[in-house]
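Structural characterization, general
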Amino acid sequence: MQLPWWWELGDPCAWTGQCRGTRRMSPATTGTFLLTVYTIFSKVHSDRNVYPSAGVLFVHVLEREYFKGEFPPYPKPGEISNDPITFNTNLMGYPDRPGWLRYIQRTPYSDGVLYGSPTAENVGKPTVIEITAYNRRTFETARHNLIINIMSAEDFPLPYQAEFFIKNMNVEEMLASEVLGDFLGAVKNVWQPERLNAINITSALDRGGRVPLPINDMKEGVYVMVGADVPFSSCLREVENPQNQLRCSQEMEPVITCDKKFRTQFYIDWCKISLVDKTKQVSTYHEVIRGEGILPDGGEYKPPSDSLKSRDYYTDFLITLAVPSAVALVLFLILAYIMCCRREGVEKRNMQTPDIQLVHHSAIQKSTKELRDMSKNREIAWPLSTLPVFHPVTGEIIPPLHADNYESTNMPLMQTQQNLPHQTQIPQQQTTGKWYP
C-alpha cells in the first residue's frame, strides 16, 4: 500500500483526520516546500490545535462564513447574510499576541489572517490564542481558542536566505496559498534548490513604508523571505554587480536577466533584495572582561513575594506635617516679638539721644523750611530769548516789561503780541482806484 505524500511529514493534523478544511500546496508546485493554511472548520465551541514548524511561515485564516452561524438569529439553510464581523486576537492572559504572530483584516467584510514565523525558543510550549469575533450589526460575540504547538524543524535554519520586496502586492494577497505558491515556484526556477521554504512575510508598512495613494490601485508592498539549502544562483548575484549598484544609487532599475520570470505576476524591487549567507557569518560574541565600571553578576533577580506586610503611614504623615509646621510657628513667634515687642518709639529715642544732637537736627530742619519758603517768593529773571529787543516801528530799545517789584513767578513765560505794552500798530496803506485781482 502506498502512503499519501503528507504521511511522511509527520503532521498530526494530516493523519488524525481532525483538520478538515486545511489547504495545502502540492509538492508538484513548490518542490519540497510545504505551506499549511489552517482554517476554522467546526461549529463546536472547542479548542483547535495546529502544529507549525519553527522557522517556517505559519498562516491561519479566520473565515467569516463560519462565525456567521454563531450569532443569533441563526440563518436558515440557503439564507445569505452579510453582517460585518471583526476579530480580536490575543494570547491567553495577555492583552496582545506573541511577538512573532501578526494579524490583519482589511475590512469587516473580509476574512482575518493570523501569520508569522515561529521562533525556536517557543518549541514545545503550547501557545493559546483567544479569538473573539464581533458582529458589528447585532453586537454579539463568539470566542474560540487556537492552540499553537510549535514543532522543531530538522533543517532550521536554512543557511541561505533571500528577502524580496514585491511592489504590486499587499500582505493579505501574498498570504493566499495560490499566490505564494506561484511566487515560490518562480524562485525555485531561478534558484534551483533542493529545499525551499517561506520563512516570513512582512508588510512594507511594518518596515516604515508609507501608505500609498488611493489611485491606480496602488499597493503598499510586501517583503517575502525565503530560505534554501544551496548557494545563491548567478541571477540573484547580479544585484551585487558594480553596474547594478551604481544604477540603484541613481534610483534606476538594475538589469537582472531573470526578472522576466517574475514580471508576469510580481514586480520585484531588485535594489531592495537582501541576500544572507549564514555559513559565512562570524559570531560577534566577545567575552566580557570585568574591570572598572562593570558590576559583578548579582545572580537571578528575585522579585518580592506577593504577601507583603501592610505598613501604617500615619506616623510618617504626622512627622512629615508636624515638624515643618512647628518650625514655621516658632519662626513666626520670634519675628512677631521682634517686630511688635521690641519697638522703642520716638519719645524713647529722643530721651536716649544727646541734647546737642537734637539741637543740631532741629536747626537743620528750620533752615530747610526757611529755604523752601524763600524759594516760593524769589524773583526769576525773564528769559532774554522771549523778549523783543527793538521796537518794531521806531527801532528803539524797549525797557523791561515789568517793574522790579513785579512777581515774575506768576507771569507766563511767553506773551502774545496783543499783551505787549508800548506796541505800536502799523497803519495799513489804503489803495485808491480800482483793484484788479
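Everything quoted here is computed from the prediction, not taken from an experiment.

**A short note on the packing of aromatic side chains**
For the structure on display, the rule yields 12 aromatic pairs. Aromatic side chains Phe-165 and Tyr-223 sit 4.7 Å apart centroid to centroid with 40° between the ring planes, which places their arrangement in the tilted category. Residue Phe-165 is found in strand β10 (residues 160-166), and its partner Tyr-223 is found in strand β12 (residues 222-228); the two are separated by 58 residues along the sequence. Judged by relative accessible area, Tyr-223 falls into the buried class, the value being 12%. An angle of 25° between the planes, with centres 5.2 Å apart, marks the rings of Trp-191 and Phe-232 as stacked. In this pair, Trp-191 sits in helix α5 (residues 177-191) while Phe-232 sits in the loop between β12 and α6 (234-237), placing the two residues 41 residues apart along the sequence. One exposure class covers both Trp-191 and Phe-232, and it is buried. Members of the aromatic cluster, connected to one another through ring pairs, are Phe-164, Phe-183, Phe-262, Phe-266 and Trp-270. Above the plane of the ring of Phe-165 lies Lys-272, whose end atom (NZ or CZ) is 4.6 Å from the centre.

**Here we look at the state of the cysteines**
Scanning the entire structure with this criterion turns up two disulfides. Cys-235 shares a disulfide with Cys-258; S-S distance 1.4 Å. Across the S-S bond of Cys-235 and Cys-258 the torsion is about -70°, and the bridge reads as left-handed. With Cys-235 in helix α6 and Cys-258 in the loop between α7 (242-249) and α8 (260-263), this residue pair connects regions lying 23 residues apart in the sequence. Grouping residues by exposure puts Cys-235 and Cys-258 together as buried. Distance from the sulfur of Cys-340, which forms no disulfide, to the nearest cysteine sulfur (Cys-341) is 6.1 Å. In this structure Cys-341 comes out as exposed when scored by relative accessible area, which is 55%.

**What to know about the sheet that holds strand β5 (residues 85-91)**
As a general point, the strands of a sheet are linked pairwise by backbone hydrogen bonds and lie either parallel or antiparallel. Pairing is mixed across the open sheet formed by four strands, whose spatial order is β3-β9-β8-β5. Each edge of the sheet is formed by a strand with only one pairing partner; in this case those strands are β3 (48-50) and β5. Pairwise comparison of adjacent strand axes, ignoring direction, gives a mean angle of 25° for this sheet. Summarising the sheet, β5 and strand β8 (residues 127-135) pair through seven bridges and their orientation is antiparallel. By the bridge assignment for β8, Phe-87 is matched with Ala-133.

**Quick notes on the nonpolar core**
Counting residues in hydrophobic clusters, the biggest one holds 41 residues, and the most contacted among them are Phe-164, Met-174, Phe-183, Trp-191, Val-226 and Trp-270. If you list the elements that add at least two residues to this core, you get β4 (58-62), β7 (112-116), β10, α4 (171-174), α5, β11 (196-203), β12 and α6. It is α5 that contributes the most residues to this core, eight residues altogether. Looking at which domains feed residues into this core, each of domain 1 (48-150) and domain 2 (160-277) gives three or more. With residues near it in sequence (within four places) discarded, Phe-164 still touches Phe-183, Val-187, Val-222, Tyr-223, Val-224, Val-226, Leu-236, Ile-268, Trp-270 and Ile-273. One finds Val-50, Phe-87, Ile-129 and Ala-133 within the second-largest nonpolar core, a separate group that totals 20 residues.

**A look at the sheet that holds β10**
Strands sit in the order β11-β12-β10-β13 across an open sheet of four strands; the sheet is antiparallel. A single partner strand is all that each edge strand has here, and the edge strands are β11 and β13 (274-277). Looking at each pair of strands side by side, their axes are set apart by 15° on average, direction ignored. Pairing analysis gives four bridges linking β10 to β13, with the strands arranged antiparallel. Note that in β13 the partner of Ala-162 across the bridge is Leu-275.

**Digging into the pattern of salt bridges**
Charged atoms that come close allow side chains of opposite charge to pair. In the structure shown here, the tally under the stated rule is 11 salt bridges. Residue Arg-106 is joined to Glu-172 by a salt bridge in which the shortest nitrogen-to-oxygen separation is 2.9 Å. Of the two residues, Arg-106 sits in the loop between β6 (101-104) and β7 while Glu-172 sits in helix α4, which places them 66 residues apart along the sequence. Residues joined by salt bridges that share partners form a network here, namely Arg-106, Glu-172 and Glu-220.

**Some words on the pairing of β10**
Put simply, side chains in a regular strand alternate between the two faces of the sheet. Burial runs high along β10: seven of the seven residues are buried. Alternating positions in β10 separate into two faces, Tyr-160, Ala-162, Phe-164 and Ile-166 on one and Gln-161, Glu-163 and Phe-165 on the other, with burial throughout.

**Brief notes about the side chain of Asn-170**
Relative to the elements of secondary structure, Asn-170 occurs in the loop between β10 and α4. In this structure, Asn-170 is in contact with Arg-106, Lys-219, Glu-220, Gly-221 and Val-222, ignoring residues within four places of it in sequence.

**Structural notes on the UniProt feature "transmembrane region" (unreviewed entry) in the chain**
The UniProt record annotates "transmembrane region" (unreviewed entry) at residues 317-340. Structurally, residues 317-340 comprises 100% helix and 0% strand, and the distance from its first C-alpha atom to its last is 34 Å.

**Re the environment of Ile-104**
Secondary-structure assignment places Ile-104 in strand β6. Residues within four places of Ile-104 in sequence aside, it is in contact with Asp-111, Gly-112, Val-113, Tyr-115, Val-171 and Glu-172.

**Looking at unusual backbone geometry**
Despite not being glycine, Phe-139 has its phi angle at roughly 65°, a positive value. Residue Glu-251 is not a glycine yet carries a positive backbone phi of 60°. Relative to the elements of secondary structure, Glu-251 occurs in the loop between α7 and α8.

Each value, and the rule that gives it
- Residues numbered from 1 in each chain as written.
- Predicted model: local features only at pLDDT ≥ 70, side-chain atom pairs only at ≥ 80, totals over all residues.
- Heavy atoms only, no water.
- Phe/Tyr/Trp six-rings, centres within 6.5 Å; stacked < 30°, edge-to-face > 60°.
- Helix = DSSP H or I, 4+ residues; strand = E, 2+ residues; numbered from the N terminus.
- Buried < 20%, exposed > 50% of the residue type's maximum accessible area, 1.4 Å probe, protein only.
- Lys NZ or Arg CZ within 6 Å of the ring centre and 35° of its normal.
- Disulfide = S-S within 2.5 Å.
- Pairing = 2+ DSSP bridges.
- Axes fitted to C-alpha atoms, helices over the stretch in contact; angles between N-to-C directions.
- Core = buried A, V, L, I, M, F, W, Y, C linked by side-chain atoms within 4.5 Å.
- Domains from an automatic or database assignment.
- Contact = heavy atoms within 4.5 Å.
- Salt bridge = Lys/Arg side-chain N within 4 Å of Asp/Glu carboxyl O.
- UniProt positions renumbered as here; feature names shortened; annotations may be inferred.

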